[in-house]
Structures are given as C-alpha cells and as structure tokens.
Amino acid sequence: MSSATSPSPSPQPSERPASGDTAWDGRETWWPAVTSWLSWLPAVVGGALVALPIWGTQGAIVGAVVGAVLAVGVLLSLSWTTRLTETEFRVGRATLPLSVVSGVDVIARGERRAALGPGLDARAHLAIRSWIGPAVRIHLDDPADPTPYWVVSTRRPQRLAAGIRRRSRCR
C-alpha cells in the first residue's frame, strides 16, 4: 500500500498508457463483467418462454426482446464513469472536491478484503465494484464532512492516485 506522504511512484508497466493512450484524461468507465451479462441470459429466454404459449412465435420474439432490454437496462445502470478534472473527482453522480483531499493510498487486489472488512470505517464512502480488484483510498480533511475517506474501484490505481496527488493539496 502506498503512503499518502510518499512521493508519487512511477507507473508500473501494466499501468503505463497503451500506445495511443498517452494523454489519459482521468476518465474510466466501469462496465459489468462478462459473467454479469451472461447471468441475465435467463431473462431473455424467460421472456420468450412466457410469451410463446400465449402469442406464438412472434410473441416469443417480442418477449425475448423485452427480456433483453430489461437486462441491458439493469446492467447499464451498474456501469459508472469516474472522472478526474483539475478541481474535482467524480464517481457516478458523487463529486469530491480535490481541495479536501489529504492523501491517497493504493489498495492492491490482495489487500482489498482487509480494507473493506475489518479495516473499514463505517463512515467511509464506498464506490466499489466486485469485478474490479484494485482500488484507491482517498483520505479527506473536511471538518464539515464526517466521511474520513472514499474507497473507489479502479483498473488503474497507480495512475488515478498519481493524478489525484498532482491535482490536490496532498503533494
């Protein structure tokens, strides 16, 4: 785990931008895992099977389409976008002004269980997805807010932590 007072580490090889991604803009979209999409396949089949005996083949097609639309709607509601600008960090609809950030820690995949279990402060803001292993813990210093920190899932924890350190007062 990276300390909030240590200098910003250089990105690991897996964290470096791919060719064509050299100007990473601080945006990441959390799409549901393939297994999540597959788990909604019964909604499509179920929609078809419910409509088949009542309206025949055409009804089954309509039922399957309704099931697919339902599945896509639910799964898209699970996809959030994180965005880091010069003044704020957004996760979905939640906004964190960078002026209140006092430190950032990287939570590796193996440390996540302890960070979200016995090491979790109940007042923390969680923006996590089970299919994304690593995360960052963003420490806050805001007397008006009882939230001690945010825990945010990210596929690029080193780059996100470095970006927040660069833009906030936690040099």
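Our subject is the structure that appears above.
These figures come from a predicted structure and were not determined experimentally.

Asks: Even after reading the chapter, I still don't get the pattern of salt bridges, so can you show me in this structure?
Replies: Two side chains carrying opposite charge are able to pair once their charged atoms lie near each other. Applying the stated criterion across every chain, the model contains four salt bridges. The closest approach of N and O atoms between R90 and E88, which form a salt bridge, is 3.0 Å. The class for R90 is partly exposed, based on a relative accessible area of 34%. Look at E88 and you get partly exposed, because its relative accessible area is 23%.

Asks: How should I be thinking about the pairing of strand 2 (residues 80-84) in this particular structure?
Replies: One face of the sheet, then the other: side chains in a regular strand alternate in exactly this way. Note: strand 1 (residues 27-30) against strand 2, four bridges, orientation antiparallel. Its bridge partner being in strand 2, W30 is matched across the sheet by W80. Across three bridges, the pairing between strand 2 and strand 3 (residues 88-91) is antiparallel. Its bridge partner lying in strand 3, T82 is registered against V91. What sits between the antiparallel neighbours strand 2 and strand 3 is a turn of three residues.

Asks: Any chance you could explain the environment of L52 here in plain terms?
Replies: Tracing the sequence through the fold places L52 in helix 2 (residues 41-77). With 12 residues separating them along the chain, L52 and A64 place their C-alpha atoms 9.8 Å apart. Residues in contact with L52, not counting those within four places in the same chain, are T57 and A60.

Asks: Teacher, can you tell me more about the side chain of T154 here?
Replies: Positionally, T154 belongs in the loop between strand 8 (149-153) and helix 4 (157-167). Here the side chain of T154 touches R156 through a polar contact of 3.1 Å, landing on its backbone nitrogen. Apart from the residues within four sequence positions on either side, T154 is in contact with E28, I132, P134, A135, V136 and L160.

Asks: Help me understand the pairing of strand 5 (residues 101-107) in this model?
Replies: Within strand 5, six of the seven residues are buried, leaving the element largely enclosed by the surrounding structure. Direction of pairing for strand 5 relative to strand 7 (residues 135-140): antiparallel, over a ladder of six bridges. Looking across to strand 7, one finds that I107 is bridged to A135.

Asks: Just checking my understanding: could you explain the sheet that holds strand 8 for this structure?
Replies: Across the sheet, four strands lie side by side as 5-7-8-6; this open sheet has mixed pairing. Two strands close off the open sheet at either side, each with one partner strand: strand 5 and strand 6 (125-127). When strand polarity is set aside, the average angle formed by the axes of neighbouring strands in this sheet is 15 degrees. The strands that helix 4 touches are strand 5 and strand 7; relative to strand 5, the one it contacts most, it runs at about 170 degrees.

Asks: I'm lost on the packing of aromatic side chains in this one. Help?
Replies: The relation between two aromatic rings is expressed through the spacing of the ring centres and the mutual angle of the planes. Using the criterion set out here, one finds two aromatic pairs in the structure. Plain terms: the ring middles of W30 and W80 are 5.4 Å apart, the flat faces sit at 35 degrees to each other, and that makes the pair tilted. Residue W30 is located in strand 1, and its partner W80 is located in strand 2; the two are separated by 50 residues in the primary sequence. Relative accessible area serves as the criterion here: at 0%, W30 is assigned to the buried category. Summarising the aromatic geometry, the rings of F89 and W150 are spaced 6.5 Å apart at their centres and angled 50 degrees between planes, so their arrangement reads as tilted. Of the two residues, F89 sits in strand 3 while W150 sits in strand 8, which places them 61 residues apart along the sequence. An identical accessibility class is assigned to F89 and W150; each is buried. Sitting over the face of the ring of W80, R129 holds its NZ or CZ atom 3.9 Å from the ring centroid.

Definitions and limits used
- Residues numbered from 1 in each chain as written.
- Predicted model: local features only at pLDDT ≥ 70, side-chain atom pairs only at ≥ 80, totals over all residues.
- Heavy atoms only, no water.
- Salt bridge = Lys/Arg side-chain N within 4 Å of Asp/Glu carboxyl O.
- Buried < 20%, exposed > 50% of the residue type's maximum accessible area, 1.4 Å probe, protein only.
- Pairing = 2+ DSSP bridges.
- Helix = DSSP H or I, 4+ residues; strand = E, 2+ residues; numbered from the N terminus.
- Contact = heavy atoms within 4.5 Å.
- Polar contact = N/O pair within 3.5 Å; in protein donor to acceptor, adjacent residues only side chain to side chain.
- Axes fitted to C-alpha atoms, helices over the stretch in contact; angles between N-to-C directions.
- Phe/Tyr/Trp six-rings, centres within 6.5 Å; stacked < 30°, edge-to-face > 60°.
- Lys NZ or Arg CZ within 6 Å of the ring centre and 35° of its normal.

Geometry only, nothing functional implied.
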